Amino acid sequence: MRENRVPLRIFLNYFAHERPRVLLSLGLVFVQACSVIPVAALLQLILDDSIGQRNIEELALLLGATALLFVVNAFALIGNRYLTLQIVKGVVYRMRTDVVEVLLARNHAFYTQTDLDALHSKIVHDTERVDWMSSSLLAHFIPGILIVTGLSVF
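The rules we used
- Residues numbered from 1 in each chain as written.
- Predicted model: local features only at pLDDT ≥ 70, side-chain atom pairs only at ≥ 80, totals over all residues.
- Heavy atoms only, no water.
- Axes fitted to C-alpha atoms, helices over the stretch in contact; angles between N-to-C directions.
- Helix = DSSP H or I, 4+ residues; strand = E, 2+ residues; numbered from the N terminus.
- Parallel < 35°, antiparallel > 145°, perpendicular 65-115°, else oblique.
- Left-handed = near helix turned anticlockwise from the far one by under 90°.
- Nonpolar A, V, L, I, M, F, W, Y, C, P; charged D, E, K, R; others polar.
- Contact = heavy atoms within 4.5 Å.
- Buried < 20%, exposed > 50% of the residue type's maximum accessible area, 1.4 Å probe, protein only.
- Salt bridge = Lys/Arg side-chain N within 4 Å of Asp/Glu carboxyl O.
- 1 Å grid on protein atoms, 1.4 Å probe; cavity = no way out; pocket = protein on both sides within 12 Å on 5 of 7 lines; lining within 4 Å.
- Points joined across faces, edges and corners; volume = space filled by probe spheres on them.

Take the packing of helix H2 (residues 19–53) against helix H3 (residues 56–104) next. H3 packs onto H2 with a crossing angle of 160° between their chain directions and a minimal axis gap of 8 Å. The orientation of H2 relative to H3 falls into the category roughly antiparallel. Taken as a pair, H2 and H3 cross one another with a handedness that is left-handed. Taken together, the residues that form the contact of H2 with H3 break down as 23 nonpolar, 10 polar and 3 charged.

Attention shifts here to the packing of H2 against helix H5 (residues 116–153). Direction vectors running N to C along H2 and H5 enclose 40°, while the axes themselves pass 9 Å from each other. Pair H2 / H5 crosses with right-handed handedness. Counted together, Leu26, Val29, Gln32, Ala33, Val36 and Ile37 of H2 and Ile142, Pro143, Leu146, Ile147, Gly150 and Leu151 of H5 form the full contact between these two elements. Taken together, the residues of the contact of H2 with H5 break down into 10 nonpolar, 2 polar and no charged.

Attention shifts here to the side chain of Asp131. Looking at the secondary structure, you find Asp131 in helix H5. By relative accessible area, Asp131 is classed as buried at 11%. Contact partners of Asp131, with chain neighbours within four places excluded, come to Val88, Lys89 and Val92.

Turning our eyes to something else, we now look at the pattern of salt bridges. The final tally for this structure, using the stated rule, is 5 salt bridges. Between Arg94 and Glu18 there is a salt bridge, with the nearest N and O atoms lying 3.5 Å from each other. Within this pair, whereas Arg94 is found in helix H3, its partner Glu18 is found in the loop between helix H1 (2–14) and H2, the two being separated by 76 residues in sequence. For Arg94, a relative accessible area of 25% gives the class partly exposed. What makes Glu18 buried here is its relative accessible area of 8%. The partner of Lys122 in a salt bridge is Asp126, with the nearest N and O atoms 3.3 Å apart. Note that Lys122 and Asp126 are positioned in helix H5 at a spacing of 4 residues, about one turn of the helix. Taking the relative accessible area as the measure of exposure, Lys122 reaches 53% and is therefore exposed. Since its relative accessible area comes to 31%, Asp126 is described here as partly exposed. Overlapping salt bridges bring together Glu18, Arg21 and Arg94 as one network.

So, about the side chain of Ser25. Turning to its location among the elements, Ser25 is positioned in helix H2. With near-sequence residues (within four places) excluded, Ser25 lies in contact with Asn80, Leu83 and Thr84.

Approximately 290 Å³ is the volume attributed to the largest pocket. Every element with two or more residues in the lining of the largest pocket is listed here: H1, H3 and H5. Residue contributions to the lining of the largest pocket peak at 5 residues, all from H5. Partitioned by chemical class, the residues of the lining of the largest pocket number 8 nonpolar, 1 polar and 2 charged. Roughly 250 Å³ of internal volume is contained in the second largest pocket. Lining the second largest pocket are Phe11, Leu12, Phe15, Ala16, Arg19, Val22, Leu23, Leu26, Ser134, Leu137, Leu138 and Ile142. Mapped onto the lining of the second largest pocket, the elements with two or more residues apiece are H1, H2 and H5. Split by residue class, the lining of the second largest pocket holds 10 nonpolar, 1 polar and 1 charged.

Structure representation (structure tokens):
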């Protein structure tokens, strides 16, 4: 069980340099959640009160507030995606750089005994998997969990 923690710790250490930007990303997720939660209440007011009472001024105000919340949500979403891509691409770049440094430190015998095509393919595919996993984790999974939690609490 302890052996499985070492790769996770190595993976998380690559994100240690990105802690402020990861926290900013989580802040943007919080803004997303806070902008989505009131929409349900606004829609209920629109459907139950404004339309039923034919109050056009109130309807326009509530629709404007709803549209504003969707705009805030969209900007937070786009900002979070951009930030997430920057973070993940930087981490993957550092991983690839570290792998190349380790490989360059190897002796000549290593290269004569190793299938270089398979080694190259493994490095590229493994770092691409880390890229996809990290992007999915930061851009979809964690925000999804936080938004669902916020909506459940609401």
